[in-house]
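Chain residues, written in single-letter form:
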Amino acid sequence: MFGVSPSGAIFDGQLFRDTQEELLWDGVWRSGATETPGGWTAEIFVPWSTLRFERSASQTIGLNFSRVINDQQETDRLSFVPQGVPARVSEAIDWYGIEDIDGGLNLELQPFVSGRFVLQRPPDSLDQSWRALPNGGFDLKYGITGDLTLDLAVNPDFGQAEVDAAVLNLGPFEVFFPEKRRFFLESKEIFETRFPLFYSRRVGAAPNSGNAQTTSRVIRGEVEDAELVELDPLSRVLGSLRVTGQIAPGWVLGVLTAATGPTWGRQRFSDGIEQRVPVDPFAGWSVLRLRRHFDPQTWVGGIVTNVARLGEQPGATTGGFDYNINFRKRWIHGAQIIATHDGERSGMGGGANWTRTGRRTAWTLGGEFLTPHANFSDLGFMTANNYGGGATSFAVFNAQPVGRVRALAASIDLSLA
């Protein structure tokens, strides 16, 4: 998906599973726009190498155009989806007879050399690493086939990633940050499921001072806990390998494995004695996702994740089975069952939903549960377990408003914890 505004602002994204989109994807393309007395015009140039397709003498491409008129809250499309039908990509118009096009070698290599020099640190900073640190590595992307991509990163620094927004978190729950590192972005929807078992921000996350394995000792006849006075500023991703795409007609595969180096801190006692202490061990992070599609919104699939840590710290494994069914275009049913083991205890969870859309109505029914010991936070993202609940909602809407009313909705939520 490629978009441009009259002022020349641009956006792009990936569309998947017919109706969903990912706007964090960043493709290579160009555009231009200009205002005219009668409105405005735009041109968009997309290289064939930006699109992924199997090589063939003749291609058929689905194509659609849309225009959004904000001041009138109006959206115009070349091919419009019937009201209430959950579809988007499948309603595109077929563009036939595209002959002898080639996406090229689809090989991209990005080496980098960087350096860091710290002029001044706050007095209470735990970062006491060398003020001058050189760095280097590379990222490689290779299109194995038109639908299967290999990504390899060796000692990446992700220097091209956008900085996260500053957040003041006064609550007990972890803040969810979207993935912005390019290595993890393309086709990341392959790894997404109802329960977020894979949260890529776990790989290479900054060291947590709470994980420092500080010790105690007797000083002047009393037991004293050491104070953490130094902490490595970052976790090093030593290398990462990812393969995503279609391995056969209807079969979608996602494989990712990464290794992160150990991090260290330094503890100090009141008598001045200091010791180096481990914080995070050498760890391996892996996820395997396989899905069999029968149409864009009907599939069955499975996912397995694993975190392996060197030393005494336990690893963690999760697994799940999910499916989604679209029948008669307006009925959608999906469900997932998962099992978790965090190295100490096991748990499970599940969820399901039904959705029925009509020309002027929409009804949803869903529910999910997690057992008391369910825990997939080692490589996933979760804020609670030991709960069960369900919800239903009903909405009435119309393309043309009645007076000032365009839609009415009601919902009922029930949860047990």
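Since the structure is predicted, the reported quantities are computational estimates derived from the model, not experimental observations.

## Concerning the overall build of the chain
Within the chain, the secondary structure is distributed over one helix and 28 strands. On the principal axes, the C-alpha backbone points of the chain span a range of 80 × 50 × 45 Å. Counting the 417 residues in the chain, one finds 34% classified as buried. Sequence separation of at least 24 residues holds for 56% of the intrachain contacts in the chain that already meet a minimum separation of 6. Accessible surface, the chain: about 24700 Å² in total, of which carbon and sulfur atoms supply 57%.

## As for the nonpolar core
Formed by 23 residues in total, the largest nonpolar core has its most connected members in Val203, Leu256, Leu370 and Phe376. For this core, the secondary-structure elements that each account for two or more residues are α1 (182–185), β18 (251–260), β21 (283–295) and β22 (298–309). Broken down by element, the residue count for this core peaks at three residues, all from β21. Once residues within four sequence positions are removed from consideration, Leu370 is found in contact with Phe195, Ile338, Met348, Gly349, Phe376, Met382, Ala384, Asn385, Asn386 and Tyr387.

## Some details on unusual backbone geometry
Look at Asp100: it is not a glycine, yet its phi comes out positive at around 55 degrees. Mapped onto the elements of the fold, Asp100 is located in the loop between β10 (93–99) and β11 (107–117). A relative accessible area of 67% means that Asp100 is categorised as exposed.

## Quick word on the sheet that holds strand β20 (residues 274–280)
Pairing is antiparallel in the open sheet, where three strands are placed in the order β16-β19-β20. Two strands close off the open sheet at either side, each with one partner strand: β16 (227–231) and β20. Adjacent strand axes in the sheet meet at a mean angle of 35 degrees, parallel and antiparallel pairs treated alike. In the sheet, strand β19 (residues 263–268) pairs with β20 via six bridges, with the strands oriented antiparallel. Bridge pairing in β20 links Gly265 to Val277.

## Quick notes on the pairing of strand β14 (residues 216–219)
Here β14 runs beside strand β15 (residues 222–225); their pairing, made up of four bridges, is antiparallel. When the bridges of β15 are listed, Val218 appears paired with Val223. Where β14 folds back onto β15 in an antiparallel hairpin, the turn is made up of two residues, including Arg220, whose phi is positive at roughly 55 degrees.

## Topic: a nonpolar patch on the surface
Together, Leu63, Phe65, Leu78, Ile93 and Trp95 give the surface a local cluster of nonpolar side chains, amounting to about 490 Å² of exposed area. Position of Phe65 among the secondary structure elements: in the loop between β7 (58–63) and β8 (66–69). Judged by relative accessible area, Phe65 falls into the exposed class, the value being 52%.

## Remarks on the packing of aromatic side chains
Counted according to the given criterion, the structure contains 13 aromatic pairs. Where Phe2 meets Trp25, the ring centres are 6.1 Å apart and the plane angle is 65 degrees; that geometry is what we call edge-to-face. Separated by 23 residues along the polypeptide, Phe2 in strand β1 (residues 2–4) and Trp25 in the loop between β4 (20–22) and β5 (30–36) bring together distant segments of the chain. Grouped by ring-pair contacts, the aromatic residues Phe2, Trp25 and Trp29 constitute a single cluster. Arg276 extends its terminal NZ or CZ atom over the ring of Trp264, reaching a point 4.1 Å from the ring centre.

## Regarding the environment of Ala409
Tracing the backbone shows Ala409 in strand β28 (residues 405–416). Judged by relative accessible area, which is 72%, Ala409 ranks as exposed. When the C-alpha atoms of Ala409 and Ala362 are compared, they prove to be 9.0 Å apart, with 47 residues separating the residues in sequence. For Ala409, the contacting residues outside a window of four places in its chain are Phe394 and Ala395.

## Overview of the side chain of Ser240
As for its placement among the helices and strands, Ser240 is situated in strand β17 (residues 237–248). At 3.3 Å, the side chain of Ser240 and the backbone oxygen of Thr257 are in polar contact.

## Overview of the pattern of salt bridges
A complete count under the given rule lists 15 salt bridges for this structure. For the salt bridge of Glu179 with Arg181, the shortest nitrogen-to-oxygen distance reads 2.9 Å. By the burial criterion, Glu179 is buried, and Arg181 matches it. A salt bridge links Glu230 to Arg266; its shortest N-O distance comes to 3.8 Å.

## Here we look at the side chain of Ser79
Mapped onto the elements of the fold, Ser79 is located in the loop between β9 (74–77) and β10. Residue class for Ser79 comes out buried when judged on its relative accessible area of 14%. A polar contact is formed between the side chain of Ser79 and the backbone oxygen of Glu91, at a distance of 2.5 Å.

## What about the environment of Asp139?
By the secondary structure assignment, Asp139 is in strand β12 (residues 132–143). Taking the C-alpha atoms as reference points, Asp139 and Thr355, separated by 216 residues in sequence, lie 42 Å from one another. Apart from residues lying up to four places away in sequence, Asp139 is in contact with Glu108, Leu109, Gln110, Leu152, Ala153 and Pro156.

Definitions and limits used
Residue positions within a chain follow its written sequence, with the count starting from 1. pLDDT decides what is reported in this predicted model: residues at 70 or higher carry local features, side-chain atom pairs at 80 or more are listed and counted, and totals for whole chains, interfaces and linings draw on all residues regardless. Each side-chain value is derived from all of the structure's non-hydrogen atoms; neither hydrogens nor water enter the calculation. Working definition: helices are DSSP H or I runs of at least four residues, strands are E runs of at least two. Numbering for both runs from the N terminus. Exposure categories follow from relative accessible area, calculated using a 1.4 Å probe and restricted to protein chains: below 20% of the type maximum is buried, above 50% is exposed, and the middle band is partly exposed. Should any heavy atoms of two residues lie within 4.5 Å, those residues are counted as being in contact. Using a 1.4 Å probe, the Shrake-Rupley method yields the accessible areas, and only the shown protein chains count as cover for residues. The nonpolar core is taken to be a set of buried Ala, Val, Leu, Ile, Met, Phe, Trp, Tyr and Cys residues, with the residues joined through side-chain atoms within 4.5 Å. Two strands pair if DSSP finds at least two bridges between them. The convention used is that axes are lines fitted to C-alpha atoms, helices contributing only their stretch in contact, and that angles between N-to-C directions extend from 0 to 180 degrees. A residue counts toward a patch only above 30% relative accessible area and without a salt bridge, and it is joined to like-charged neighbours within 9 Å or, for Val, Leu, Ile, Met, Phe, Trp and Tyr, to nonpolar neighbours within 5 Å. The salt bridge definition used is simple: a Lys or Arg side-chain nitrogen within 4 Å of an Asp or Glu carboxyl oxygen. Side-chain rings of Phe, Tyr and Trp (the six-membered ring for Trp) are treated as a pair once their centres are within 6.5 Å; stacked means planes under 30 degrees apart, edge-to-face means over 60, and tilted covers the remaining angles. Charges are assigned to positions over rings by a cutoff of 6 Å between ring centre and Lys NZ or Arg CZ, combined with an angular limit of 35 degrees from the ring normal. Definition of a polar contact: a pair of N or O atoms within 3.5 Å, with one able to donate and the other able to accept a hydrogen when the atoms are protein atoms, and with sequence-neighbouring residues admitted only if both atoms are side-chain atoms.

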